[in-house]
Amino acid sequence: MTNTAVRRGRPSRRHLPRGRPPTQALFRRLFALNGLVFTVGTLVLALSPATVSSPVLLTEVPVLIIGLALILAVNALLLRTSLAPLGALTTLMQRVDLLQRGDRLVDSGNGDLTNLIETFNAMLDRLEAERSASSAHALAVQEGERQRIARELHDEIGQSLTVVLLGLKRAVDRAPEELREELHAVQETVRSSLDEVGQVARRLRPDVLEDLGLHSALNALATEFSQVSGVPVTRKSDPDVPALSAETELVIFRIVQESLTNVARHAHATKVELSLRAEDDTMVLRVADNGAGDVRHEGAGIRGMRERALLIGARLTISALPRGGTEVRLIVPMMAEGS
């Protein structure tokens, strides 16, 4: 029997063997198996006391049928055992997802099919590397565009609304008594719009992340989420977590931001737990709620989270909790962080 297994983990770059082409190797394997079966079958018939008359007698037909059945059964068993890796390879092809890294087929003793398996694994390595590079470029462009829009909101629209607000204040001071109430309403509307512009700018460009660090940024994000949605957020984070790179901190911040956005839009939850802890050689981020817990469909937001996780070599899992709700877990290896 062959020994073929599927491995999940960090992919390794493979060097393809310079042997025979897969088609030629597979042909020789099948030819050798069939030749071996028919040779053994011929030797057994030659050495056995069974004889075949001409014409064939009715008493000899069962012997021929049994011999043919045995040859076909042995041939089918050997072929099925020999080609079993192709079934596992087909299954892997059907389920492989470039956002789920490290799904590989490991062969230990499949002879000529090892070349085919290693060729497919090397192709997955190359595709994942290209996907990571393109995702990194796309996300870098996206972050740059977010910062540009945030600056324009703050510097142009924000300042314009501030000028309008100051003008309204002067108008209220000079207006007749019967117009002041209406001007006050307009003033409050402008002030509310200015606050909304500031919130949008902060979501697009997390200045608190650059100025005060990841913990303060997550606390501010959770506080703002609770104020807007009315859902309390319980924070359980280690105060002495190891220092992280700016890229890793931004990925963690964006994943928490998208997770809380999904909770507000789809979960109908009444509480959320947010934690960031150091466990062994990893950093573990966890965002869990007690809402609907439907994780059957992954939209653009979740796929964006998976792409961000790939950028820092982290593993992202999104699963339904047994008692209802959804858990988003990001595991960041500190070895990758330090490299």
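Parameters and conventions
Residues numbered from 1 in each chain as written. Predicted model: local features only at pLDDT ≥ 70, side-chain atom pairs only at ≥ 80, totals over all residues. Heavy atoms only, no water. Helix = DSSP H or I, 4+ residues; strand = E, 2+ residues; numbered from the N terminus. Buried < 20%, exposed > 50% of the residue type's maximum accessible area, 1.4 Å probe, protein only. Areas by Shrake-Rupley, 256 points an atom, 1.4 Å probe, with all protein chains shown as cover. Expected span 1.5 Å × (residues − 1). Arc of directions from axis to C-beta. Axes fitted to C-alpha atoms, helices over the stretch in contact; angles between N-to-C directions. Parallel < 35°, antiparallel > 145°, perpendicular 65-115°, else oblique. Left-handed = near helix turned anticlockwise from the far one by under 90°. Contact = heavy atoms within 4.5 Å. Nonpolar A, V, L, I, M, F, W, Y, C, P; charged D, E, K, R; others polar. Pairing = 2+ DSSP bridges. Salt bridge = Lys/Arg side-chain N within 4 Å of Asp/Glu carboxyl O. pLDDT = per-residue confidence, 0-100. Core = buried A, V, L, I, M, F, W, Y, C linked by side-chain atoms within 4.5 Å.

Attention shifts here to the overall build of the protein. Counting secondary structure elements, the protein contains 10 helices and seven strands. Split into buried and exposed, the 339 residues of the protein put 32% on the buried side. Working note: accessible area of the protein is about 20500 Å², and carbon and sulfur atoms make up 59% of it.

Moving on: helix α2 (residues 61-82). Here α2 spans 31 Å end to end across 22 residues, near enough to the 32 Å set by a 1.5 Å rise per residue. Regarding α2, the residues found buried are I71, N75, T81 and S82. Looking straight down α2, one finds that the buried residues subtend no more than 140° of arc, so they occupy a single side. Turned more than 90 degrees off the buried face of α2, the exposed positions are I65, I66, L77 and R80.

One can describe the packing of helix α8 (residues 246-267) onto helix α9 (residues 300-311) by two numbers: an axis separation of 10 Å at closest approach and a directional angle of 165°. Overall, the two elements α8 and α9 adopt an arrangement that is roughly antiparallel. In this structure, the crossing between α8 and α9 has a hand that is left-handed. Residues E247, V251, R254, I255, E258, S259 and N262 of α8 form the contact with α9, whose participating residues are G301, I302, M305, R308, A309 and L311. Grouping the constituent residues of the contact of α8 with α9 by class yields six nonpolar, three polar and four charged.

Counted residue by residue, strand β7 (residues 326-333) has six buried out of eight residues, so it is predominantly covered. Note: strand β5 (residues 282-289) against β7, seven bridges, orientation antiparallel. Paired with T282 across the strands is P333, a residue of β7. Examined bridge by bridge, strand β6 (residues 315-320) and β7 share six bridges and lie antiparallel to one another. Its bridge partner lying in β7, A320 is registered against T326. Linking two consecutive strands that pair antiparallel, namely β6 and β7, is a turn of five residues; a positive phi of about 100° is found at G324 within it.

Further remarks concern the pattern of salt bridges. One pass over the structure, following the stated rule, counts seven salt bridges. Between R286 and E273 there is a salt bridge; the shortest N-O distance is 3.0 Å. With R286 in strand β5 and E273 in strand β4 (residues 272-279), this pair connects stretches of sequence that are 13 residues apart. Two residues, R286 and E327, come together in a salt bridge whose shortest N-O distance is 2.5 Å. Remark: E327 occurs in strand β7 and R286 occurs in strand β5; sequence separation between them is 41 residues. Exposure class is identical for R286 and E327. Each is buried. Members of the salt-bridge network, linked through shared partners, are E273, R286, E327 and R329.

What follows is about the confidence of the model for the protein. Taken over all residues, the pLDDT of the protein has a mean of 78, while the share at 70 or more is 83%. Throughout residues 8-17 the model reports pLDDT below 50, and contacts reaching past four residues in sequence, or to other chains, amount to 29 contacts.

This next bit is on the nonpolar core. Membership of the largest hydrophobic core comes to 36 residues, with the highest contact counts inside it found for V256, L285 and L330. Listing elements by their share of this core, those giving two or more residues are α7 (214-229), α8, β4, β5, α9, β6 and β7. Top contributing element to this core by residue count: α8, with eight residues. Beyond its immediate sequence surroundings of up to four residues, L330 is in contact with I252, I255, M283, V284, L285, A309, A314, R315 and L316. If you look at the next biggest cluster of nonpolar residues, it comprises nine residues, including A150, L153, A201 and L204.

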